[in-house]
Amino acid sequence: MGIQLRNGPARYALGAGVAAVLAIGTGGLVTAASAAASPASSAGGNHHCRTSITKEDFGTANSGPYGGDQTVFRYTMTNSNCMQVRVMTYGATVQSITVPDQNGRLADVALGFKTLADYVNLASPPPTSPNFGGPYFGETIGRYANRIGGASFKLQGQTYTLPVNNGPNTLHGGFVGWGNRVWQHPTTASGRGRVSLTMTLVSPNGDEGSGLLPGTKVYEPNCSIPANPPTTCTGFPGQVTTSITYALDQGNRLWIHYSAHNDDAKLSTVINLTNHTYFNLAGEGSGPAYAQKVRINADSFTPTDANLIPTGKIVGVAGTPFDFTRFHTIGERIGDASAPQGDQLVLAHGYDHNWVLNNSGPTFAGLRFAAQALDPRSGRLLTVWTDEPGVQFYSGNFLDGHLVGISGHTYRQTAGYTFETQHFPNSPNQPNFPSTTLKAGQTFNTTTIYAFGNSNNQNGQ
C-alpha cells in the first residue's frame, strides 16, 4: 500500500446532518446521537446558536525562516448546536473543542493553553528553550509526524539527516516543526450548514536542515540538542506546499483535510501529517481519563524498541493489553507489565503506539472507522474516521503536572489522550510499511473526521 495520491480535486464532501449508527465488529451498536436533536447550553436545556466563524488578533509570534515576527489570528467556528472549535494560525493549532454532553451541558474536551505565549514557550519549544520538549497540544504536525529512527533515511540513493530531538530520533518534524510556524493566507467559507477555515504553509527544500535556507540567513546550524556535540544535517528534501482545511458541520463533526504538493521537479520527499489534539471527554482539566473507554478498529499494532521506534513487526493484539477491538477503559490494563506485550507499556510509560487499522468495518464519507472514545459519566462519544492506515493512541504518559491548561488546571498523566491518524512511524526506514514517499510533482491528500455525539448506553454496547 503506497501513500495516497490524488491528481484531481480532493475527495472532500461535507455532508450535513447525517446520523451515525455504528455497528462495529462484534461489540454491538453504539449510537453517536446528533446533538442537533438537543441543542445545548452550558447549564443544560435547550439553546440555539448561530452558525458562524469569527476572527480575532491573537498576538504575534516568530515564524523563523517562514517570515519572522507575524500576527497570529484565532478563528472561532460555531454550529447551531453550540459546538465550538477554536483554531489559530500559529501551528494551524486546535486550541479548544466545546461540545455538549448527554444533558446538553457544554465543556471544552481538548487540552490546550490560554495564551499564544504559552503555545510558543511550552507547546513544542526548540532545544534552546529551558522548556525543550513539550506536549504539542493541538498542533498540525509535519513534515513527518511521529518518529524517524536514527534521525535519518535514504531516498533516491541519498541519505538525508535530520535534527535529533527525541533520544537518537527525529520526532514530529524536528526542532521547529510545522506546529511552530505561522500558517499563511487564512480563508474562511460558510454555506450548506457548515463553516470552514483553510490556510497554507510552504516548507522549503532543506527544511529543518543546517546552513542556508532559501532567502534566509543560517537558521539552524546545530542539529543536536545543546547537551550533545554540534552536528549538521541536510533536512527534508524538496519544497512542499501544504494546505489544511478545518470544517465544522451540523452533525458535530470536525473535518480536517490536508493537501500537500511536492513542488520540486526532481526530488522526492517523505510526508506524514497528523493533528495532535489531546481529548478528555469529561472536560479539559477534569483529571485523569483512566475511566474513559476506548475502542480501536485494529487487529494488530507495531511494537517498538527501547527508543520507541517500531521493530518492523506487525503483531496481533489478541490476548494483549493492546486489544481495543471492544471497549476497554484506558486504565484497565495500562499497568499490566506481566501481560503479553506488557513490556511495551513499560517502554512507553503507557500507551504510545501505532495501531494498524483494519480495512473492514463501517465507513463514512469514504473514510474508514478508526477509533471511538466514550466517557460513561457525561455520555460524550468521540468517533474517528480517516483514510490513513494507522492511528497513534497516546495516553498522555509524559504529562507531569508542570503545565497549566486553559482553565487554570494542571495537566498530569492521562489528563488527555490522542488519536493521531497517520502513516506508520519510521516508514522511510521500513520497506514493509505503507510508503510515505511523495515523488516530485505529486500531491498527497488525506482527511480525518472527529465526530462528537453522546450515548446513554454506558457500557458502549
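Predicted, not measured: the structure shown is a model, and the values here were computed from it. (Residues numbered from 1 in each chain as written. Predicted model: local features only at pLDDT ≥ 70, side-chain atom pairs only at ≥ 80, totals over all residues. Heavy atoms only, no water.)

1. Some words on the overall build of the protein chain
Right, on to step 1. Each helix and strand counted, the protein chain has two helices and 33 strands in total.
Right, on to step 2. Out of the 461 residues belonging to the protein chain, those deemed buried represent 59%.
Right, on to step 3. When contacts within the protein chain are restricted to residue pairs at least 6 apart in sequence, those whose partners lie at least 24 apart make up 69%.
Right, on to step 4. Accessible surface computed for the protein chain: about 16400 Å², of which carbon and sulfur atoms make up 52%. (Helix = DSSP H or I, 4+ residues; strand = E, 2+ residues; numbered from the N terminus. Buried < 20%, exposed > 50% of the residue type's maximum accessible area, 1.4 Å probe, protein only. Contact = heavy atoms within 4.5 Å. Areas by Shrake-Rupley, 256 points an atom, 1.4 Å probe, with all protein chains shown as cover.)

2. What to know about the pattern of salt bridges
Right, on to step 1. For the structure on display, the rule yields five salt bridges.
Right, on to step 2. The salt bridge partner of arginine 147 is aspartate 352, with a shortest N-O separation of 3.6 Å. Highlighted residues: arginine 147 in strand E9 (residues 147–148) and aspartate 352 in strand E24 (residues 352–356), separated in sequence by 205 residues. For the pair formed by arginine 147 and aspartate 352, the shared burial category is buried.
Right, on to step 3. Residues aspartate 207 and arginine 181 are paired through a salt bridge, measuring 3.7 Å at the closest nitrogen-oxygen approach. Of this pair, aspartate 207 sits in the loop between strand E14 (194–203) and strand E15 (240–249) while arginine 181 sits in the loop between strand E12 (170–171) and strand E13 (184–191); the two residues are 26 residues apart in sequence, bridging distant segments of the chain. The same class applies to aspartate 207 and to arginine 181, which are both buried.
Right, on to step 4. Beyond isolated ion pairs, a larger network of salt bridges with shared partners links Arg181, Asp207 and Glu208. (Salt bridge = Lys/Arg side-chain N within 4 Å of Asp/Glu carboxyl O.)

3. Section: the side chain of aspartate 387
Right, on to step 1. Relative to the elements of secondary structure, aspartate 387 occurs in the loop between strand E27 (380–386) and strand E28 (390–394).
Right, on to step 2. Among the polar contacts listed, one links the side chain of aspartate 387 to the backbone nitrogen of threonine 447, at a separation of 3.2 Å. (Polar contact = N/O pair within 3.5 Å; in protein donor to acceptor, adjacent residues only side chain to side chain.)

4. A word on the environment of phenylalanine 327
Right, on to step 1. Inspection of the secondary structure puts phenylalanine 327 in the loop between strand E22 (315–316) and strand E23 (328–329).
Right, on to step 2. With relative accessibility at 10%, the residue phenylalanine 327 sits in the buried group.

5. Things to note about the nonpolar core
Right, on to step 1. Within the largest apolar cluster, 56 residues are counted, with the highest numbers of intra-cluster contacts made by Ile97, Tyr246, Ile296, Trp355, Phe393, Phe419 and Phe452.
Right, on to step 2. In contact with phenylalanine 419, other than residues within four places in its own chain, are Phe279, Val294, Ala371, Gln372, Ala373, Leu382, Val384, Val391, Gln392, Phe393 and Tyr450.
Right, on to step 3. The next biggest cluster of nonpolar side chains, apart from the first, holds 19 residues, and it includes Leu122, Leu399, Leu403 and Ala415. (Core = buried A, V, L, I, M, F, W, Y, C linked by side-chain atoms within 4.5 Å.)

6. Re the state of the cysteines
What makes a disulfide is a covalent bond joining the sulfur atoms belonging to two cysteines.
Right, on to step 1. This structure, assessed with the given rule, holds two disulfides.
Right, on to step 2. The disulfide partner of cysteine 49 is cysteine 82, and the S-S distance across this bridge is 2.0 Å. The sign of the S-S torsion, about 100°, decides the handedness of the disulfide formed by cysteine 49 and cysteine 82: right-handed. Pair noted here: cysteine 49 is in the loop between strand E2 (29–32) and strand E3 (52–62) and cysteine 82 is in the loop between strand E4 (69–78) and strand E5 (84–88), with a separation of 33 residues, a long-range link.
Right, on to step 3. Here cysteine 223 connects covalently by a disulfide to cysteine 233, the sulfurs 2.1 Å from one another. (Disulfide = S-S within 2.5 Å.)

7. Examining the layout of surface pockets
Where empty space is left can be seen by rolling a probe of water-molecule size over the atoms.
Right, on to step 1. The space that makes up the largest pocket amounts to roughly 720 Å³.
Right, on to step 2. As for the largest pocket, its lining consists of 41 residues, and the residues nearest its centre are Gly133, Gly134, Tyr136, Asn166 and Leu171. (1 Å grid on protein atoms, 1.4 Å probe; cavity = no way out; pocket = protein on both sides within 12 Å on 5 of 7 lines; lining within 4 Å. Points joined across faces, edges and corners; volume = space filled by probe spheres on them.)

8. A look at the sheet that holds E24
Right, on to step 1. Overall, antiparallel pairing links the six strands, which are arranged E19-E31-E28-E24-E21-E22 in an open sheet. Edge strands, defined here as strands with exactly one partner in the open sheet, are strand E19 (278–279) and E22.
Right, on to step 2. Direction of pairing for strand E21 (residues 300–302) relative to E24: antiparallel, over a ladder of three bridges. Each bridged residue has a counterpart across the sheet, and for serine 300 the counterpart in E24 is valine 356. (Pairing = 2+ DSSP bridges.)

9. Some words on the environment of alanine 371
Right, on to step 1. Among the secondary structure elements, alanine 371 is positioned in strand E26 (residues 367–374).
Right, on to step 2. What makes alanine 371 buried here is its relative accessible area of 0%.
Right, on to step 3. Between the C-alpha atoms of alanine 371 and asparagine 297, which are 74 residues apart in sequence, the distance is 5.9 Å.

10. Description of the packing of aromatic side chains
Right, on to step 1. All told, the structure shown has 28 aromatic pairs when counted by the stated rule.
Right, on to step 2. Aromatic side chains tryptophan 178 and tryptophan 183 sit 6.1 Å apart centroid to centroid with 80° between the ring planes, which places their arrangement in the edge-to-face category.
Right, on to step 3. Overall, tryptophan 178 belongs to the buried group, its relative accessible area being 2%.
Right, on to step 4. Residue tryptophan 183 is classed as buried on the basis of its relative accessible area, which comes to 2%.
Right, on to step 5. When the ring of phenylalanine 301 is compared with that of phenylalanine 322, the centres are 4.3 Å apart and the planes differ by 5°; the resulting orientation is stacked. On the criterion of sequence distance, the pair formed by phenylalanine 301 in strand E21 and phenylalanine 322 in the loop between E22 and E23 is long-range, its members being 21 residues apart. With respect to burial, phenylalanine 301 and phenylalanine 322 carry one shared label: buried.
Right, on to step 6. Following the ring pairs from residue to residue traces out a cluster consisting of Phe301, Phe322, Phe324, Tyr351, Trp355, Phe393, Tyr417 and Phe419.
Right, on to step 7. Here the guanidinium or amino end of lysine 55 rests over the ring plane of phenylalanine 73, the centre of that ring lying 4.2 Å away. (Phe/Tyr/Trp six-rings, centres within 6.5 Å; stacked < 30°, edge-to-face > 60°. Lys NZ or Arg CZ within 6 Å of the ring centre and 35° of its normal.)

11. As for helix H1 (residues 116–123)
Right, on to step 1. For H1, the complete set of buried residues consists of Leu116, Tyr119, Leu122 and Ala123. Down the axis of H1, the buried side of the element spans an arc of 160°, and every buried residue falls inside it.
Right, on to step 2. At its buried positions, H1 is contacted by E3, E4, E5, strand E6 (93–100) and strand E29 (400–404). (Arc of directions from axis to C-beta.)

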